[in-house]
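# Examination of the molecular architecture
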Amino acid sequence: MDGKRTTVRDMRRRNRSVLLSKLYFDGPLSRFELGQATGLSAASVSNLTGELVEEGLVVEAGSVDSDGGRPRILLRVSPGYGHVVGVDVGETRVRVELFDLSMAALPAKADLPFDSPLPTPEQAVEHILSGLATVTAGAGVNPAALLGVGIGVSGTVEQGAQVLVHAQTLGWDAVPLEAMVRAGTDAAIYVDNGATVLGQAEMWFGAGRGARHAVIVLVGSGVGAAVVTHGQSYRGATSGAGEWGHTTIVHGGRRCRCGAQGHLEAYVGAGAVLDRYRAARGGHPVPGLDEESALAALIAAADHSAPAAKVLDETADYLGTGIADLINLFNPEKIVLAGWAGLALGARLLPRIRQAAAAQALRRPYAQTSIELCELGSDAVAYGAATLPIARLLREGGMRAAAPLTAPVTRRGTVPPLAAEPA
């Protein structure tokens, strides 16, 4: 009997998830449209949406005329049901942002730079908690009432009973970041790789929408990628997949921050690009207070400086070659260039990057791929991190669950596979 009751509850959760996900990505929709889109019976749709409305997760959003009958009530997910926080733990700073359930940003943000180029886990946690306190206080939100806090971080994030971060370039080895942050707040904490959360956001709301197979590449201080197929990021055996920046592009080449030689990050990561520009200037410093302003100065100088133009041309070749490897390996429909440095470089170099990719990729896979810039901006990692607790909410249909979510749920226009009724 216990097993049967558990099975019925699981099916109810799954069907709620189907309806809630469909409303979240494609709403507002009528109950009739929900039934058509999901294959659930009219009785199941009516019962389950009634529950969701009663719980405040779903609200009415007007009506539309029907064919000869009464107007149909439209439903949508309620933006005010709860709030989520997205955290971008970069290598130079921590960004913290607050969103409602519709992923509309609230005017409450925190940007906390590190004093050291190699921040310790303790420094990162201190910044995360400080930023969390700042944004919730600024918006008058009780941290304990948050739906969750998502954290995007560089390096490999090993999902399991204990979430461990392995960030070799920072000197972090098996850091229990989730547990460390959870010790300082009552909010639910979710941690994942920065490229992975950015990829989820671009697939849900950005340039990846509508694609079944895509690669979202992140170029900032570090370099990574999220390989997405049918709405799910490929993670590998221990969630370590996607370290595109640590693939070898030049045998015996420049030393990467991880200690190896010739990795892609050693040529297209922001610090590496600036190092090459500094060498091209005969060792003279590059203008700018930080990596972002220095890279902007390099790009601006390319209009009148031969060394700057040469460094950018080479960077486009390296980026295009790395993208060609992704095309040959994964045959995606789209490759989305993201990250603050990726956007800065892509705004000027995208045609050149495409040309370099075409020269190195196999003709047929390249012809089937579009290479585009991300649509969510330079702060997309924090935005993507905030989708982690929302993904949990959608997967569980708003019902309480025992296990953490460790993978994306859907992309726009899709819902999870249907469970069998009853509702």
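On a predicted model such as this, the values are computed, not experimentally measured, just so you know.

## Notes on the layout of surface pockets
Here the idea is plain: a probe the size of a water molecule rolls over the atoms and shows the empty space left. One number sums up the size of the largest pocket: a volume of about 730 Å³. Around the largest pocket, the lining is made up of 50 residues, and of these Glu91, Ser154, Leu218, Gly222 and Val223 lie nearest the centre. Elements with a minimum of two residues in the lining of the largest pocket: strand S4 (83-89), strand S5 (93-100), strand S7 (148-153), strand S9 (164-167), helix H6 (194-205), strand S13 (223-229), helix H9 (291-301) and helix H13 (380-395). Top element by residues in the lining of the largest pocket is S13. It accounts for five residues. Each residue belonging to the lining of the largest pocket can be placed in one class, and the counts come to 16 nonpolar, 24 polar and 10 charged.

## Quick word on H13
With 16 residues, H13 extends 22 Å from end C-alpha to end C-alpha; this agrees with the ideal 22 Å at 1.5 Å per step. Helix geometry: H13 is bent most strongly at proline 389, by close to 30°. Along H13, 15 of the 16 residues are buried, which leaves the element largely enclosed by surrounding structure. Looking at the residues trailing H13, positive phi occurs at glycine 397, about 60°.

## Description of the nonpolar core
Counting 44 residues, the largest nonpolar core has Val217, Trp244, Leu295, Leu298, Ile323 and Ile335 as its most contacted members. Within the residue set of this core, elements represented by two or more residues are strand S12 (213-219), S13, helix H7 (265-268), helix H8 (270-280), H9, helix H10 (306-330), strand S15 (334-338) and helix H11 (340-360). Counting residues per element, this core draws most heavily on H10, at nine residues. With residues up to four places along the chain from it excluded, the contact list for leucine 298 reads Val273, Leu274, Tyr277, Ala308, Val311 and Leu312.

## Observations concerning the environment of threonine 156
Its location among the elements puts threonine 156 in strand S8 (residues 156-158). Sequence separation between threonine 156 and glutamate 51 is 105 residues, and the spatial gap between their C-alpha atoms is 39 Å. Those residues in contact with threonine 156, other than ones at most four positions away along the chain, are Leu164, Val165, His166, Thr238, Ser239, Gly240 and Glu243.

## Description of the state of the cysteines
Two cysteines joined by a covalent bond between their sulfur atoms form a disulfide. Throughout the structure, instances matching the rule amount to zero disulfides. In this structure cysteine 258 is a free cysteine whose sulfur lies 3.7 Å from that of cysteine 256, the closest cysteine sulfur available. Residue classification places cysteine 258 among the buried positions, given a relative accessible area of 18%.

## Description of the packing of aromatic side chains
Counting across every chain of the model gives eight aromatic pairs. Ring centres of tyrosine 267 and tyrosine 318 lie 4.6 Å apart, and the angle between their planes is 45°; this geometry places the pair in the tilted category. With tyrosine 267 in helix H7 and tyrosine 318 in helix H10, the pair connects residues that are 51 residues apart, well separated along the chain. Taken together, Tyr24, Phe25, Phe99, Trp204, Phe205 and Tyr383 form an aromatic cluster joined through their ring pairs.

## A word on the confidence of the model for the protein chain
Mean pLDDT over the protein chain works out to 89, with 92% of the residues at or above the 70 mark. Confidence, read as mean pLDDT per element, is least for helix H1 (residues 2-26) in the protein chain (84) and greatest for helix H12 (residues 363-367) (97).

## Points about the pattern of salt bridges
What the rule picks out here adds up to 23 salt bridges. Here glutamate 396 ties to arginine 13 by a salt bridge, and the two come within 2.8 Å at their closest N and O atoms. Linking glutamate 396 in the segment after H13 with arginine 13 in helix H1, this pair joins segments that are 383 residues apart in sequence. Side by side, glutamate 396 and arginine 13 carry an identical accessibility label, which is buried. Ionic pairing is found between arginine 209 and glutamate 375, a salt bridge with its closest N-O pair at 3.2 Å. Placement of arginine 209 in the loop between H6 and S12 and of glutamate 375 in the loop between strand S16 (370-373) and H13 is noted, with a sequence separation of 166 residues between them. Residue glutamate 375 is classed as partly exposed on the basis of its relative accessible area, which comes to 47%. One network of salt bridges, in which partners are shared, links Arg12, Arg16, Glu51 and Glu55.

Criteria and cut-off values
Residues numbered from 1 in each chain as written. Predicted model: local features only at pLDDT ≥ 70, side-chain atom pairs only at ≥ 80, totals over all residues. Heavy atoms only, no water. 1 Å grid on protein atoms, 1.4 Å probe; cavity = no way out; pocket = protein on both sides within 12 Å on 5 of 7 lines; lining within 4 Å. Points joined across faces, edges and corners; volume = space filled by probe spheres on them. Helix = DSSP H or I, 4+ residues; strand = E, 2+ residues; numbered from the N terminus. Nonpolar A, V, L, I, M, F, W, Y, C, P; charged D, E, K, R; others polar. Expected span 1.5 Å × (residues − 1). Bend = angle between axes of the 7 residues up to and from the residue. Buried < 20%, exposed > 50% of the residue type's maximum accessible area, 1.4 Å probe, protein only. Core = buried A, V, L, I, M, F, W, Y, C linked by side-chain atoms within 4.5 Å. Contact = heavy atoms within 4.5 Å. Disulfide = S-S within 2.5 Å. Phe/Tyr/Trp six-rings, centres within 6.5 Å; stacked < 30°, edge-to-face > 60°. pLDDT = per-residue confidence, 0-100. Salt bridge = Lys/Arg side-chain N within 4 Å of Asp/Glu carboxyl O.

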